[in-house]
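Tertiary structure, described
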Amino acid sequence: MSFLSNILSYPAFIFFQMTWLIHSLRRPLLLVSALCILTNPHAAIRKLKLFRVSFLYLAFCKDKKWKVPSTDPASFFPKELGGAAPSDGNSYQYREKTLILIRHGESTWNDTFNAGDRSKLIFVAFFLPNLIYAIGMEVYYFVSGKDSDS
């Protein structure tokens, strides 16, 4: 019975330790944050405006509510272009274009919320620490006035 009670007490112990750590670091972090914000108020105001716009978009956007179109989009393109519409007899002349795609690096938020090549168990086990790290990095970027590490 004592082994089982020890195992069941670990979550409460970890929660207590994390709460104590956050409480202990709260005042020094607030002081350092205030100092950084006061030394670079332009960056702090810009970040606060960005946070406001992001929050408003998240709260009021309609991206979650969209309707499936009643007609198939492929029905507007002729078969020569890969669509489903009948050909109207016009010959299509194709031009070659070069498209250059630039991909940004893996961000902290992407690493936190996307499993990637990690197993589901590893993803779930490290989700909370990765979330805490991502929030910490955002706080660091906020108080330092940086957009990223580079």
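Quick look at the structure, then. (Residues numbered from 1 in each chain as written. Predicted model: local features only at pLDDT ≥ 70, side-chain atom pairs only at ≥ 80, totals over all residues. Heavy atoms only, no water.)

1. Thoughts on the side chain of N130
Rules: For helices the rule is a DSSP run of H or I covering at least 4 residues; for strands it is a run of E covering at least 2, with both sets numbered from the N terminus onward. Exposure classes here rest on a 1.4 Å probe applied to the protein chains alone. A residue is buried below 20% of its type maximum, exposed above 50%, and partly exposed in between.
Along the polypeptide, N130 turns up in helix 5 (residues 127-144). On the accessibility criterion, N130 (18% relative accessible area) is buried.

2. What about the environment of L35?
Position of L35 among the secondary structure elements: in helix 1 (residues 2-39). Since its relative accessible area comes to 54%, L35 is described here as exposed. As a C-alpha pair, L35 and V143 span 108 residues in sequence and 8.4 Å in three-dimensional space.

3. Regarding the side chain of T112
Cut-off, in case you're wondering: We define a polar contact as two N or O atoms separated by no more than 3.5 Å, with the added condition that, inside protein, one atom must be a possible hydrogen donor and the other a possible acceptor, whereas residues neighbouring each other in sequence contribute only through side-chain atom pairs. Contacts are residue-level and defined by heavy atoms, with any inter-residue pair within 4.5 Å sufficient.
Inspection of the secondary structure assignment puts T112 in helix 3 (residues 108-113). Among the polar contacts made by the side chain of T112, one reaches the main-chain carbonyl oxygen of N130 at a distance of 3.3 Å. Ignoring sequence-local partners within four residues, the contact set of T112 consists of R118, F123, F127, N130, L131 and A134.

4. Some points on helix 5
Formally: Every helix has an expected span of 1.5 Å times one less than the residues it contains.
With 18 residues, helix 5 extends 25 Å from end C-alpha to end C-alpha; this agrees with the ideal 26 Å at 1.5 Å per step. Among the residues making up helix 5, those that are buried are N130, A134, M137, Y141 and V143.

5. A short note on the pattern of salt bridges
Stated precisely, the cut-off is as follows: Counted as salt bridges are all cases of a side-chain nitrogen of Lys or Arg within 4 Å of a carboxyl oxygen of Asp or Glu.
Using the criterion set out here, one finds one salt bridge in the structure. Among the salt bridges present, the one from R118 reaches D111, with a minimum N-O distance of 4.0 Å.

6. Description of the packing of aromatic side chains
This is how it is decided: Working definition: rings of Phe, Tyr and Trp (its six-membered ring) pair if their centres are within 6.5 Å, and the pair is stacked with planes under 30 degrees apart, edge-to-face with planes over 60 apart, and tilted otherwise.
Evaluated as defined, the whole model comprises two aromatic pairs. Here the aromatic rings of F113 and F127 are separated by 5.6 Å at their centres, their planes lie at 65°, and the arrangement is edge-to-face. Of this pair, F113 sits in helix 3 while F127 sits in helix 5, and the two are 14 residues apart along the sequence. Residue F113 is classed as partly exposed on the basis of its relative accessible area, which comes to 44%. You can call F127 partly exposed: its relative accessible area is 27%. Chaining the aromatic ring pairs together yields one cluster made of F113, F123 and F127.

7. Comments concerning helix 1
To keep it simple, the criterion reads: Values of bend correspond, residue by residue, to the angle between axes fitted over the seven residues ending at that residue and the seven starting there.
For helix 1, built from 38 residues, the straight-helix expectation of 56 Å at 1.5 Å per residue is met to within 8% by its first-to-last C-alpha distance of 54 Å. Maximal helix bending in helix 1 amounts to about 40°, located at R26; proline P28 follows within four positions.

8. Some words on the packing of helix 1 against helix 5
Inclusion rule: Note on definitions: angles span 0 to 180 degrees between N-to-C directions of axes, and those axes are lines fitted to C-alpha atoms, for helices only across the stretch in contact. Angles below 35 degrees are treated as roughly parallel, those above 145 as roughly antiparallel, those between 65 and 115 as roughly perpendicular, and all remaining angles as oblique. Each residue gets one label: Ala, Val, Leu, Ile, Met, Phe, Trp, Tyr, Cys and Pro are nonpolar, Asp, Glu, Lys and Arg are charged, and the others, such as Gly, are polar.
The N-to-C vectors of helix 1 and helix 5 enclose an angle of 20°; their axes lie 10 Å apart at closest approach. Taken as axis vectors, helix 1 and helix 5 run roughly parallel relative to one another. Counting all contacts with helix 1, which are made through M18, S33, C36 and I37, the residues of helix 5 involved are I132, F142 and V143. The class makeup of the residues in the contact of helix 1 with helix 5 is six nonpolar, one polar and no charged.

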